[in-house]
Amino acid sequence: MNAFVKKLIGTLVTLGLLYVLIQASWYNYLFKGVYSTYLQGHTTANLFDAAYFDQGIIHAPPVGMPWPEAKSLEWAPSTAVQHTLDIYETGAFLVIYQDSIRYEDYGHKVMKSSRTNSFSMAKSILTMMVEVAIESGDLPGWDALAMDYVKQLHGPGASRLTLAHLTGMVADLDWDEDYYNPFGITAKAVYGRDLRATVTRCAVGDQVGQRYAYQSGATALLGFCLEEATGMPLHEYASEKLWFPLGAEMDASWHLDDVGAAISFSCFNATARDFARIGHLVLNQGNAFGKQLMDSSFFATATDPGLAKFYGYSFWLGDAPSPDPTSEATRPFVALRGHLGQWIITFPGLDLIIVRTGHAEGPAVGEALPASFMAVASAYAWKLPVASP
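Residues numbered from 1 in each chain as written. Predicted model: local features only at pLDDT ≥ 70, side-chain atom pairs only at ≥ 80, totals over all residues. Heavy atoms only, no water.

> How should I be thinking about helix H8 (residues 216–230) in this particular structure?
Given 3.6 residues per helical turn, the α-helix brings residues three or four places apart onto the same face. Compared with an ideal rise of 1.5 Å per residue, which puts 15 residues at 21 Å, H8 spans 21 Å between its outermost C-alpha atoms and is within 8% of the ideal. Counting buried positions along H8 gives 14 out of 15 residues, so the element sits mostly inside the fold. Once H8 finishes, glycine 231 follows within two positions and takes phi at roughly 70°, a positive value. (Helix = DSSP H or I, 4+ residues; strand = E, 2+ residues; numbered from the N terminus. Expected span 1.5 Å × (residues − 1). Buried < 20%, exposed > 50% of the residue type's maximum accessible area, 1.4 Å probe, protein only.)

As structure tokens, this is what we get:
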């Protein structure tokens, strides 16, 4: 056996051992993560990564309810807003006013039929599903203890952790939210084999309810509580309680881990038009085109700021300033927001919904919403006509 062959065999044996060691370690998710991101030309998760995960299908009704259309260039983005949408590679952009599509545009590989990743907009969707379960009697209320449903919880605050703490991002988990660190727990949660095992390894700290920290692990725990209470997988519950009543036109889906659990804090895949139905539900305080899916009083609670003035029960809150520099007037918005600029923005009292999906959104300053979001929100909050009849 010549030296080259010996070296080749040695290299292959070393690589084989390395593969086995990684597969047996905490970092066994790296192969899937690297393949579905870096090897596809991305540095983080992307809109179309459903191709690399098993999917839990969220069935639409046999006959959906199409949106009425009353399109007009009056609702097209201004030159400045269009520039913002372009530089951040907007995929879909919809404007819905008085329950009719007024403007619709697609690009950057996104089409009307494309199901794209919601990322953290799923947090708001899951929160509404939990409210439905509370009103159905499957859960006693938002003050229910998470440990009653997820027995593996541990840490000094575990016995005090409630569903409200989880949705309000005041759970104080041992969790560092980072979408670009391949060795971090967020990457492990998305690409790992068993989300529940990953999340329940995190201790609950002693500052439960006392400090805001945005943690996807909190939403994952909320999802496991809902599944335990209802006895249904999240995607099946979403189909029955949301997608059918909303009259969705296309099936949606939720990424699943290797043991079949939904990656509940993210990864809800739907078309932009069907995402708009979620906006309709929020804007109309639980009413889905004439059918009340949850009590309107829930939205008063869910959109009341918690410890962070911009965050409620997994909803982003804020005010769109007037474009008039001499005016201090503002108009409020309630939004669902996900990684890379997935937005559903609703404007209470204006009967207006904006849906934007895309590949980037630009930087945020601290915990504030990014300038791109505020530019779009402000432009449309003050766009005429604005008042509902």
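> Before we go on, may I ask you to explain the packing of helix H4 (residues 121–135) against helix H10 (residues 272–283) in this structure?
The description of two helices packed together rests on the angle between their axes and the distance between the axes. Running from N to C, H4 and H10 cross one another at 50°; their axes reach a closest spacing of 12 Å. Overall, the two elements H4 and H10 adopt an arrangement that is oblique. At the point where H4 passes H10, the crossing takes the left-handed sense. Here Met121, Ile125 and Met128 of H4 lie close against H10, whose contacting residues are Phe275, Ile278, Leu281 and Val282. (Axes fitted to C-alpha atoms, helices over the stretch in contact; angles between N-to-C directions. Parallel < 35°, antiparallel > 145°, perpendicular 65-115°, else oblique. Left-handed = near helix turned anticlockwise from the far one by under 90°. Contact = heavy atoms within 4.5 Å.)

> Could you clarify how one ought to interpret unusual backbone geometry in this entry?
Leave glycine aside and you will find that most residues have negative phi; peptide bonds, for their part, are mostly trans. The backbone of lysine 109 sits at a positive phi, close to 75°, despite the residue not being glycine. The exposed category is assigned to lysine 109, whose relative accessible area is 75%.

> I tried to follow the pattern of salt bridges on my own but got confused; where do I start?
The tally for this structure, following the rule as stated, stands at eleven salt bridges. Among the salt bridges present, the one from glutamate 69 reaches lysine 71, with a minimum N-O distance of 3.6 Å. Three or more residues joined by partner-sharing salt bridges are found here, namely Glu69, Lys71, Glu104 and Arg273. (Salt bridge = Lys/Arg side-chain N within 4 Å of Asp/Glu carboxyl O.)

> Explain the packing of aromatic side chains to me, please; I cannot follow it from the model alone.
Given two aromatic rings, one states the distance between the centres and the angle between the planes to describe the pair. This model, assessed by the stated rule, comprises 21 aromatic pairs. Arranged with centres 5.8 Å apart and planes meeting at 85°, the rings of tyrosine 35 and tyrosine 52 form a pair that is edge-to-face. With tyrosine 35 in helix H2 (residues 30–36) and tyrosine 52 in the loop between H2 and strand E1 (54–58), the pair connects residues that are 17 residues apart, well separated along the chain. Residue tyrosine 35 is classed as partly exposed on the basis of its relative accessible area, which comes to 46%. (Phe/Tyr/Trp six-rings, centres within 6.5 Å; stacked < 30°, edge-to-face > 60°.)

> Quick question: what am I supposed to make of the nonpolar core here?
Soluble, globular proteins show a tendency: their nonpolar side chains are buried together. One finds Met129, Trp243, Trp254 and Phe268 to be the most contacted residues of the largest nonpolar core, which totals 126 residues. Broken down by element, this core gets its largest block of residues, ten residues, from H4. (Core = buried A, V, L, I, M, F, W, Y, C linked by side-chain atoms within 4.5 Å.)

> Please explain the sheet that holds strand E2 (residues 90–97) as it appears in this structure.
Within a sheet, neighbouring strands are paired by backbone hydrogen bonds and run either parallel or antiparallel to one another. Strand order in this open sheet of six strands is E3-E2-E12-E11-E10-E9, and the pairing throughout is antiparallel. Unpaired on one side and paired on the other, strand E3 (100–106) and strand E9 (316–321) mark the two borders of the sheet. Ignoring strand direction, the axes of neighbouring strands in this sheet form an average angle of 20°. Sheet analysis places strand E11 (residues 342–347) next to strand E12 (residues 352–358), joined by five bridges and oriented antiparallel. Bridge pairing in E12 links tryptophan 343 to arginine 356. On the sheet, H10 packs against E2, E3, strand E10 (330–338), E11 and E12 and is oriented at approximately 140° with respect to E12. (Pairing = 2+ DSSP bridges.)

> Quick question: what am I supposed to make of a nonpolar patch on the surface here?
Together, Val34, Tyr35, Tyr38 and Leu39 line one region of the surface with nonpolar side chains, adding up to about 400 Å² of accessible area. Relative to the elements of secondary structure, valine 34 occurs in helix H2. Relative accessible area serves as the criterion here: at 33%, valine 34 is assigned to the partly exposed category. (Patch = residues over 30% accessible without salt bridge, like charges linked within 9 Å, V, L, I, M, F, W, Y side chains within 5 Å. Areas by Shrake-Rupley, 256 points an atom, 1.4 Å probe, with all protein chains shown as cover.)

> Even after reading the chapter, I still don't get the sheet that holds strand E5 (residues 252–256), so can you show me in this structure?
Pairing in this open sheet of four strands is antiparallel, and the strands run E1-E5-E6-E4 from one edge to the other. Two strands in the sheet have a free side with no partner beyond their single neighbour: E1 and strand E4 (116–117). Where E5 lies against strand E6 (residues 268–270), two bridges are found, and the strand directions are antiparallel. Following the sheet pairing, tryptophan 254 is matched in E6 by phenylalanine 268.

> How do you make sense of the pairing of E12 when you look at a structure like this?
Successive side chains on a regular strand alternate, one facing one side of the sheet and the next facing the other. Across the seven residues of E12, seven count as buried, placing the element largely inside the fold. Side chains of E12 alternate between two faces, with Leu352, Ile354, Arg356 and Gly358 and Ile353, Val355 and Thr357 buried alike. Where E2 meets E12, seven bridges bridge the pair, whose relative direction is antiparallel. Each bridged residue has a counterpart across the sheet, and for alanine 92 the counterpart in E12 is threonine 357. Linking two consecutive strands that pair antiparallel, namely E11 and E12, is a turn of four residues; a positive phi of about 85° is found at glycine 349 within it.

> Just checking my understanding: could you explain the environment of alanine 371 for this structure?
You can see alanine 371 is positioned in helix H12 (residues 371–381). Using a relative accessible area of 60% as the deciding quantity, one classes alanine 371 as exposed. Remark: the alpha-carbon pair of alanine 371 and threonine 84, spanning 287 residues in sequence, is separated by 9.4 Å.

> Please explain the environment of proline 68 as it appears in this structure.
Of note, proline 68 is situated in the loop between E1 and helix H3 (79–87). We classify proline 68 as partly exposed; its relative accessible area is 43%. Note: C-alpha distance between proline 68 and aspartate 99 (31 residues apart in sequence) is 7.1 Å.

> What is the right way to read the packing of H4 against H8 from this model?
One way to put it is that H4 packs onto H8 with a least axis distance of 10 Å and a crossing angle of 30°. Considering their axes alone, H4 and H8 lie roughly parallel with respect to each other. In this structure, the crossing between H4 and H8 has a hand that is left-handed. The residues of H8 that touch H4, namely those facing Lys123, Leu126, Thr127, Met129, Val130 and Ala133, are Ser216, Thr219, Leu222, Gly223, Leu226 and Thr230. Of the residues in the contact of H4 with H8, the class split is six nonpolar, five polar and one charged. (Nonpolar A, V, L, I, M, F, W, Y, C, P; charged D, E, K, R; others polar.)

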